[in-house]
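Residue-level listing of the chains:
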Amino acid sequence: MSTVPHLPVLRLGRNYESLEKFEVKDHKTGEVKALVSNVNAGIVRRDLGKIGSARAALKKFTCAQLVELSARAGDLFLNGTLPLGDKGHTQSPQQYIETLSCTSGLPWNMVRRNMDKVHFALTNMKFVLNGLSRGLDLNILDNGTGEQFGTKLSYFPTCAALGLVMPSNSPAVNSLWIPAISLKTPVVIKPGKEEPWTPYRLIQAFIAAGVPAEAFGFYPTDHEGAGEILKLTGRSLIFGDKNTMAQYANNPAIQLHGPGWSKFLIGDDCIENWRDYIDVIAGAISDNGGRSCINASAVVVPKYAAEIAEALAQKIGPFAPTRADDPNARLSGFANVKMADFIDAQIEDGLKVPGATDVTAKYRNGPRKASFEGGTFMRPTIVLCDSFAHPLSNKEFLCPYASVVTCPQSEMLHKIGYTLAASVITKDAKFIEAVTDFAEIDRLNIGPVSTMKISWDQPHEGNMFEFLWKRRSIERAW
Amino acid sequence: MSIPTVAPELVAKAKAELDQHLLEIIEWHFNPATGCPFWLDWAAKNFDPRKEITRFEDMLKFPHFQDEFLRDLQPEVWVPAQFKGKPFNIFETGGTTGMPKQRIGWNDFRIDYSEFSEKISDEHFPRGGAWLMMGPTGPRRLRLAIEHLANVRGSSCYFIDLDPRFVKKLISNKQFDVAKQYMAHVVDQAATILQHRKISGLFTTPKLLEALGEKINLWDAGIRGVFCGGTSMKPQEIRFIIEELLENRIGFYPTYGNTLMGLAASVPLQPEDNYSATYYAPQPRAVLRVVNPNKTDETVAYDTWGRVELTTLTKEFFMPRFLERDETIRRAPRPPYAWDGVGDVRPFGAMEKNIVEGVY
């Protein structure tokens, strides 16, 4: 048996070893942890031409059966030893944690938390689907038609499969696609280059639980191949930056997961109590290493901006790199050091524009970009901005970063722009009404709730059921 | 089965034949009675190769040939005295934008492709069975060469043109959608011809082959052999073509070539090759060396990457030591070729940067 595992392409139930492979390496030592087969777009196109058989394999099950198999897969994902590649390797949960940590830079405690999130979603699929479908009797999907809520209902699938072009930054994003299996939809995944581990382990968990292997495509591929997945599956999810999002804007078949620009807004009525909210805001900025789109990246206040920035900086500024197995680890390393260089340069360039101060600098006792035991880390940064006009006021980076911006309450909704998760700390009924009506916020929290709080039955970004199934009107004579 | 090797005496024999051929070509191009104005003028300003070149190793006395000569000078400077008054073909290189490189010729393409005809099987390219060429035609040598290849096998050839210069412009202008539309337009025409005519042999480029194979089943359309070239093909691409597009039942002949060299055929793939194609120049009419990119006098060791250097040695065209924009693995002689081969050819610098070769 080769010492390095090889992750093959999964061609809808068939392992395929490509002649082209890339290495996934330990971000600190450079040790190769896996070889991953990489295929050209032609193979993706050919397989997607036969995707009907993958859907047919899932159609043999009822949604209820698939919900049960998902729960079993959840337990296997969290606790099981599962196949790792096609050369006889296996992977225990602890090996998964350690390998993912050393290739992605996430410390063990964050990998574990991400694992728990995925496990929760898998083992609570009935509850998740109930929320997504607003209580639909899933037998109606099995039969195509039925009656509920005193009316005839009929649904049809919107696509051949769900395509996924995955990122490398956070394993929990995989929880977005897992309802697709219970919704009888095959998945075709292009994994992130540094994070093939989670989708591969999830697929193995599903297969071990009894879901047909034909329902899964795992295609490490190039840019063209990713484009084919987006084009040919019928419905897909893509993760990326602002430019990637712009490419696919206005395409209803592609659900975009880009920067979140998540924020805290504190109303005039609560601002005098700002000290009470520092813990929840600091957590929202720094949890999960600041890597999520629902991490807060701006705090918008009518006054006391300097004091709030100072308090946040004092709290998270001292966070320093630690060993990956430190149970108190707060920061995530960068597998791609160029990304850390880019972020650091962007912040430094922004600070050259008058009107912004890096309040954390004095609490760091060292540079923002730090090296530790061969790894590269970005230490937390809180920037005090004098207005939304400043280039650093509404930025999101892949590390604990937030601006604190002064803005009159009456102007907040005119200034904040798109906000994936907004926590609005106010009891002012008029302000609550205004933010509730504001279309640019996807997930709204009222009161001191972390932007990181997610509800599986209330998706903060797109609804997988509505994405994969569509209602049609129906009348039957017999 | 291991990769076959060539006996040292056969390698020595081929080398002796190359040296003999070289002497004849040098004499031809540098003798005022037979040579062309460009080389006679060059010899007057530099040295007389008839005195200095006695074996192929002496070719290092020549500097690298500059392709600007083929752009900047009128074609007449390349006409050997013995060909004076005979109209020539003007062939241009593939995807050039701006003034293209031009090579003139009379019969070289016929010689190259008649020889290549002996390397393809009747099973895959039945004699008398029609051909289709889908790829760059226009002012390219390949267009006449493919037709000649079909003709020497008793066949005729249909043509679908693809203009690589237009594609190159579209890609550099980031008009990817138009490039795709254009490729679809080309492939649609080929599919139509295949639906309405009996055709068994196909020449095309890897990308077009893939697009055509996605549109129709090539075997059901009557195709039994595919001769492919024009852009690089990595082993995984070759495997994809053989296994999935040609379904392991249509003959596949990857080639490496261009207007300046002619055609380097590949040896038939066997399992040990792992789909890595090795091409052999039509020596002695053309010689490929794999050189150290930083010290081009030196060849690299076998199974090592280096830059492709081409020397063309025909009575119609003499071109010493032209550095191609390709890199390759130097491969040992392999039957039936008793000279070095080039494997896994790709654009020079492909490891360092992503090079667009075009949709063709």
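Quick notes on the rules
- Residues numbered from 1 in each chain as written.
- Chains lettered and ligands numbered in written order.
- Predicted model: local features only at pLDDT ≥ 70, side-chain atom pairs only at ≥ 80, totals over all residues.
- Helix = DSSP H or I, 4+ residues; strand = E, 2+ residues; numbered from the N terminus.
- Rg over C-alpha atoms; globule rule 2.2 N^0.38 Å.
- Buried ≥ 20, exposed ≤ 12 C-beta atoms within 10 Å, placed from the backbone.
- Contact = placed C-beta atoms within 7 Å.
- Domains from an automatic or database assignment.
- Nonpolar A, V, L, I, M, F, W, Y, C, P; charged D, E, K, R; others polar.
- Pairing = 2+ DSSP bridges.
- Axes fitted to C-alpha atoms, helices over the stretch in contact; angles between N-to-C directions.
- Parallel < 35°, antiparallel > 145°, perpendicular 65-115°, else oblique.
- Left-handed = near helix turned anticlockwise from the far one by under 90°.
- Expected span 1.5 Å × (residues − 1).
- Right-handed = clockwise from strand over helix to strand, strands pointing away.
- pLDDT = per-residue confidence, 0-100.

(A) Quick look at the overall build of chain A. Tallying secondary structure elements over chain A gives 18 helices and 24 strands in all. The C-alpha atoms of chain A give 23 Å as radius of gyration, which agrees with the globular expectation for 478 residues (23 Å, within 12%). Along the three orthogonal principal directions, the C-alpha set of chain A runs to about 65 × 60 × 35 Å. Out of the 478 residues in chain A, the part that is buried amounts to 52%. For chain A, long-range pairs separated by at least 24 residues make up 74% of all intrachain contacts whose partners lie at least 6 apart in sequence.

(B) Representation of the overall build of chain B in the model. Helix and strand content of chain B: 10 helices and 14 strands. Radius of gyration (C-alpha) of chain B: 20 Å, near the 21 Å computed for a compact globule of 360 residues. The dimensions of chain B, computed from C-alpha atoms along their principal axes, are 60 × 50 × 45 Å. By residue count, 44% of the 360 residues in chain B fall in the buried class. For chain B, contacts bridging at least 24 residues in sequence account for 67% of all contacts bridging at least 6.

(C) Structural context of the domain arrangement of chain A. All names here are of chain A. Per the domain assignment, the segments of chain A are domain 1 (6-258 + 461-472) and domain 2 (262-446). Distance from the C-alpha centre of domain 1 to the C-alpha centre of domain 2: 31 Å. At the interface, 19 residues of domain 1 touch 21 residues of domain 2. Breaking the side of domain 1 that touches domain 2 down by element, the ones donating at least two residues are α4 (93-104) and α5 (108-123). Top element by residues in the side of domain 1 that touches domain 2 is α4. It accounts for 4 residues. The residue inventory of the side of domain 1 that touches domain 2, partitioned by class, reads 5 nonpolar, 11 polar and 3 charged.

(D) Inspection of the sheet that holds strand β17 (residues 356-358) of chain A at higher detail. Residues and elements named next belong to chain A. Here we have 7 strands laid out as an open sheet, ordered β17-β20-β21-β16-β15-β22-β23, and mixed in their pairing. Looking along the sheet, the strands with just one partner apiece sit at the ends: β17 and β23 (441-446). Within this sheet the neighbouring strands show an average axis-to-axis angle of 20 degrees, counted without direction. In terms of strand pairing, strand β16 (residues 296-301) meets strand β21 (residues 401-406) through 4 bridges, oriented parallel.

(E) Main features of the domain arrangement of chain B. All names here are of chain B. Domains assigned within chain B are domain 1 (1-88 + 278-346) and domain 2 (107-259). Between domain 1 and domain 2, the C-alpha centre-to-centre distance is 27 Å. Tallying the contact residues gives 9 residues for domain 1 and 8 residues for domain 2. Counting residues per element, the side of domain 1 that touches domain 2 draws most heavily on strand β14 (residues 341-347), at 4 residues. For the side of domain 1 that touches domain 2, the per-class residue count stands at 5 nonpolar, 1 polar and 3 charged.

(F) Highlighting the interface of chain B and chain A. Contacts between the two partners involve 11 residues from chain B and, on the opposite side, 8 residues from chain A. At the level of elements, α9 (206-215) and α10 (235-245) of chain B are the ones that each hand at least two residues to the side of chain B that touches chain A. Sort the elements by how many residues they give to the side of chain B that touches chain A and α10 of chain B lands first, with 6 residues.

(G) Examining unusual backbone geometry more closely. Here Gln-283 of chain B and Pro-284 of chain B are connected by a cis peptide whose omega angle stands at 10 degrees. With respect to the secondary-structure elements, Pro-284 of chain B resides in the loop between β9 (278-280) and β10 (286-292). Here the residue pair Pro-335 of chain B and Pro-336 of chain B is connected by a cis peptide bond, since its omega of 5 degrees sits within 30 degrees of zero. Along the polypeptide, Pro-336 of chain B turns up in the loop between β13 (318-331) and β14. For Tyr-304 of chain A, which is not a glycine, the phi torsion comes out positive at approximately 65 degrees. Its location among the elements puts Tyr-304 of chain A in the loop between β16 and α13 (305-316). Backbone geometry places Asn-274 of chain B, a non-glycine residue, at a positive phi of 50 degrees. Following the sequence through the fold, Asn-274 of chain B ends up in the loop between β8 (262-266) and β9. Overall, Asn-274 of chain B belongs to the exposed group, with 12 C-beta atoms counted inside 10 Å.

(H) Region of interest: the sheet that holds strand β3 (residues 15-16) of chain A. Residues and elements named next belong to chain A. Pairing in this open sheet of 7 strands is mixed, and the strands run β3-β2-β12-β11-β10-β13-β14 from one edge to the other. Strands with a single pairing partner mark the edges of an open sheet, and in this sheet they are β3 and β14 (254-257). Here helix α9 (residues 197-209) sits on the sheet and contacts β2 (9-11), β11 (187-190) and β12 (216-218); the angle it forms with β12, its principal contact strand, is near 155 degrees. Lying on the sheet, helix α10 (residues 223-232) is in contact with β10 (161-165), β11, β13 (234-239) and β14; it crosses β10 at an angle near 150 degrees.

(I) Looking closely at the packing of helix α7 (residues 164-172) of chain B against helix α8 (residues 176-196) of chain B. All names here are of chain B. Running from N to C, α7 and α8 cross one another at 155 degrees; their axes reach a closest spacing of 8 Å. Judged by the angle between their axes, α7 and α8 are roughly antiparallel. Crossing of α7 against α8: the hand is left-handed. Along its contact with α7, which presents Phe-166, Val-167, Leu-170 and Ile-171, the element α8 presents Val-178, Ala-179 and Tyr-182. The residue makeup of the contact of α7 with α8, split by class, is 7 nonpolar, no polar and no charged.

(J) Here's a closer look at the environment of Pro-186 of chain A. Residue and element names in this part refer to chain A. Its place among the elements puts Pro-186 in the loop between α8 (179-182) and β11. C-alpha of Pro-186 to C-alpha of Ala-213: the two residues are 27 residues apart in sequence and 9.7 Å apart in space. Every residue in contact with Pro-186, bar those within four places of it in the chain, is listed here: Ile-51, Ala-54, Arg-55, Leu-58, Ala-161, Ala-215 and Phe-216.

(K) Here's a closer look at helix α1 (residues 8-30) of chain B. All names here are of chain B. Its 23 residues place the ends of α1 33 Å apart at the C-alpha level, agreeing with the 33 Å of an ideal helix rising 1.5 Å per residue. Buried residues of α1: Leu-22, Ile-25, Ile-26, Trp-28, His-29 and Phe-30, and no others. On its buried face, α1 is in contact with α2 (37-45), α3 (49-52), β12 (305-313) and β13.

(L) Highlighting helix α3 (residues 63-79) of chain A. Residues and elements named next belong to chain A. Its 17 residues give α3 an end-to-end C-alpha distance of 24 Å, which sits within 8% of 24 Å, the value for a rise of 1.5 Å per residue. Taken together, the buried positions of α3 are occupied by Cys-63, Leu-66, Val-67, Leu-69, Ser-70, Ala-73, Gly-74, Leu-76 and Phe-77. If you follow the buried residues of α3, they end up packed against β6 (82-84), α5, α6 (125-132), α7 (139-143), α8 and α9.

(M) Representation of the pairing of β23 of chain A within the structure. All names here are of chain A. With 5 bridges connecting them, strand β22 (residues 419-425) and β23 associate as parallel partners. Residue pairing in the sheet places Thr-419 in a bridge with Ile-441 of β23. In this region the chain leaves β22, passes through helix α17 (residues 429-437) and returns to the parallel neighbour β23; the handedness of that crossover is right-handed.

(N) Looking closely at the confidence of the model for chain B. All names here are of chain B. For chain B, the mean per-residue pLDDT works out to 94, and 96% of the residues sit at or above 70. Long-range and interchain partners of residues 354-360, a stretch whose pLDDT sits below 50, account for 26 contacts in this model, where long-range means more than four residues apart. In the predicted assembly, ipTM is 0.85 and pTM is 0.88.

(O) Quick look at the pairing of strand β5 (residues 32-37) of chain A. All names here are of chain A. Where strand β1 (residues 6-7) and β5 come together, 2 bridges link them in parallel fashion. Bridge pairing in β5 places His-6 opposite Leu-35. By the bridge criterion, 5 bridges tie strand β4 (residues 21-25) to β5 in an arrangement that is antiparallel. Within β5, the position partnered with Phe-22 by the bridge is Val-36. Hairpin remark: β4 followed by β5, antiparallel, with 6 residues in the connecting loop; positive phi at Gly-30, about 80 degrees.

(P) Summary view of the packing of α3 of chain A against α9 of chain A. All names here are of chain A. Put simply, α3 and α9 touch, their axes get as near as 8 Å, and they point 125 degrees apart. Accordingly, the angle class assigned to the pair α3 and α9 is oblique. In this structure, α3 meets α9 at a crossing whose hand is right-handed. Here Leu-69, Arg-72, Ala-73, Leu-76 and Phe-77 of α3 come into contact with α9, specifically with Arg-201, Leu-202, Ala-205, Phe-206, Ala-208 and Ala-209.

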